[in-house]
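Here are the chains, one letter per residue:
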Amino acid sequence: IRLISDMGSDLSLKKQTKAINIYEDVTSACIRGEVVFTDAQNLMRHFPICGQESVHIKFSTPGAGTDPIEFKLDVVEILERTKSKNGKSELIKLGLVSKQARMNESYRISQTFRGPIHSTIAKIYQNYLKSDKPIALESTANQMTYCVPNKRPIETIQWLASRSISAEQSPLSYNFLFFETAKAFMFVSLDSLASVPAAVTYIYSGSNRQSDSPMTTTNYLLKINNIEELNYTKSFNRLDEMNSGLYSSELLVHDITYKYISKTSNNFYKNWNNTNHIEPNPTLPRGINKYANTVSPKLIVRNRQSGLFESHTSQRYEDYLQNRNVSILEYNINKIEITVPGNCRLTCGLPINMEIVKPEPLYKGDVEKNDTFQSGKYLITAVRHLLEDVGTKPTHKCIVQLSRGSSPEAIPDKVTFDGRSQDSSTNA
């Protein structure tokens, strides 16, 4: 952990650092972070710390065979500054962000781009964001002529991402995201991420102790795939999902130039097989579905003026708007947060497997102990690397947000449980 000033100062913070937080999120274009350290040298005055500094952090997972990961983040704010009781030292928390957040605020784009969207994004990334990191670009099927009307680089990339169709997945893969990980910037579709095999399997059994014997030596490598805490941070909210147009929507587009109105309908379950999902089945029965088969679906209205500023194809809301909305909202249906031992392999956009024990009695003859409905494949949509007691006895944990809007098992159209299967009384 090094604090480096643009004026030439360079100082190791390893011994005095109390905690480090680093945040990755598929909905955030840039990595954010925090570093908490003790200052008994008046670094605020003598270094000085004034926002012209960067913090370089490098760490690895011992024994796991992974390469170290490195973060170079700019100091952009002081989040906390607390004096000790004797006044001889201070506890300082610095707010950090990747350099590209600053580069984004330094430029505006007023330029016309033509050609495949992924080529346009490569040019914007190279000319404006100017990162040392590579960018992973998924090829897009559609081309576009776009006169950028004085927008920031990241805003421009996200605008283009919302209209991009994958050339590597389904012709209806319209769910591109732009985000940063420890290794690279990513411009990829959710369909591509969902099709990647799970990188690791995590196990939640309710008790992760290996032995009660004090004479047993703990094998930490065997525990690295144990889930220490598991919380269901979000489960379905069918009314909100209906209101947002997840299950069923109708799009009206009024073209001012050509003076016509088009109408396009979308149904989540009828169009289920058009795109990839993290698991193969929807979260509602296909036959009995009172949310998707609504009489009055979500109404979306857009105006289009073909030929003004943007190309006609960029305003073809019928091609992408409803489909993208549904695909993004799908990953907001169920969210789980797990705390696991630190692992440098964990990064946002990575699929993992989870094995979760059944929350019910186990009877003789039960072969399957895991909850096959809650277990399965999930997508990491956010991860926080938490390092504590860095200067003394460092620990590393990952707080991981997992999302999916699909199920490994089909939801049955007929009841499979009447509440009386274990009731010995027939006259109750």
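Before any of the text, the structure's been laid out above.
Residues numbered from 1 in each chain as written. Predicted model: local features only at pLDDT ≥ 70, side-chain atom pairs only at ≥ 80, totals over all residues. Heavy atoms only, no water.

Enquirer: Sorry if this is basic, but what is going on with the sheet that holds strand S16 (residues 260–267) here?
Expert: What the 3 strands build is an open sheet, ordered S16-S15-S17; its pairing is mixed. Edge positions in the open sheet fall to S16 and strand S17 (298–304), since each of these has one partner strand only. In this sheet, adjacent strand axes meet at a mean angle of 20° when their direction is disregarded. Note that strand S15 (residues 248–255) and S17 share 7 bridges and pair parallel. Counterpart to Val253 in the pairing with S17 is Arg302. (Pairing = 2+ DSSP bridges. Helix = DSSP H or I, 4+ residues; strand = E, 2+ residues; numbered from the N terminus. Axes fitted to C-alpha atoms, helices over the stretch in contact; angles between N-to-C directions.)

Enquirer: What should I look at first to understand the side chain of Thr283 in this one?
Expert: Within the fold, Thr283 resides in the loop between S16 and S17. If sequence neighbours within four positions are ignored, Thr283 has contacts with Arg238, Tyr269, Ile333, Asn334, Gly405, Ser406 and Ile411. (Contact = heavy atoms within 4.5 Å.)

Enquirer: Is there a simple way to think about the environment of Leu129 in this case?
Expert: Secondary-structure assignment places Leu129 in helix H3 (residues 117–129). The sequence separation of Leu129 and Asn370 amounts to 241 residues, and the corresponding C-alpha distance is 46 Å. Discounting residues that sit within four places of it in the chain, Leu129 has contacts with Gln100, Met103, Asn104, Ile124, Pro153, Ile154, Ile157 and Phe178.

Enquirer: Would you mind going over H3 with me for this structure?
Expert: Think of an α-helix as turning once every 3.6 residues; residues three or four places apart then point the same way. Across its 13 residues, H3 extends 17 Å between first and last C-alpha, which sits within 8% of the 18 Å expected from 1.5 Å per residue. Of all the residues in H3, the buried ones are Ile117, His118, Thr120, Ile121, Ile124, Tyr125, Tyr128 and Leu129. End-on, the buried residues of H3 take up no more than an arc of 155°, which puts them together on one face. (Expected span 1.5 Å × (residues − 1). Buried < 20%, exposed > 50% of the residue type's maximum accessible area, 1.4 Å probe, protein only. Arc of directions from axis to C-beta.)

Enquirer: Can you help me understand the nonpolar core in this one?
Expert: Note on soluble globular proteins: their nonpolar side chains tend to be buried together. Ranked by internal contacts, the top residues of the largest apolar core, which has 31 residues, are Ile338, Leu346, Met354, Ile380 and Val400. Contributions of two or more residues to this core are made by strand S11 (176–180), strand S12 (185–189), helix H5 (190–195), strand S18 (334–341), strand S19 (351–356), strand S20 (376–388) and strand S21 (395–404). Considering every element that reaches this core, the biggest residue donor is S20, with 4 residues. The residues contacting Met354, other than those within four sequence positions of it, are Tyr202, Ile227, Leu230, Ile336, Ile338, Ser375, Gly376, Tyr378 and Leu402. Listed in part, the 26 residues of the second largest apolar core include Ile31, Met44, Leu94 and Leu387. (Core = buried A, V, L, I, M, F, W, Y, C linked by side-chain atoms within 4.5 Å.)

Enquirer: Explanation requested: the pairing of strand S3 (residues 17–25) in the structure shown.
Expert: Successive residues of a regular strand alternate their side chains across the two faces of the sheet. In this structure, S3 lies alongside strand S4 (residues 32–39), joined through 6 bridges in antiparallel fashion. In the sheet register, Thr17 faces S4, and the bridge partner there is Phe37. Counting the residues in the hairpin turn of S3 and S4 gives 6 residues. Relative to S20, S3 runs antiparallel, the two being bridged by 7 bridges. Bridge pairing links Ile20 to Leu387 in S20.

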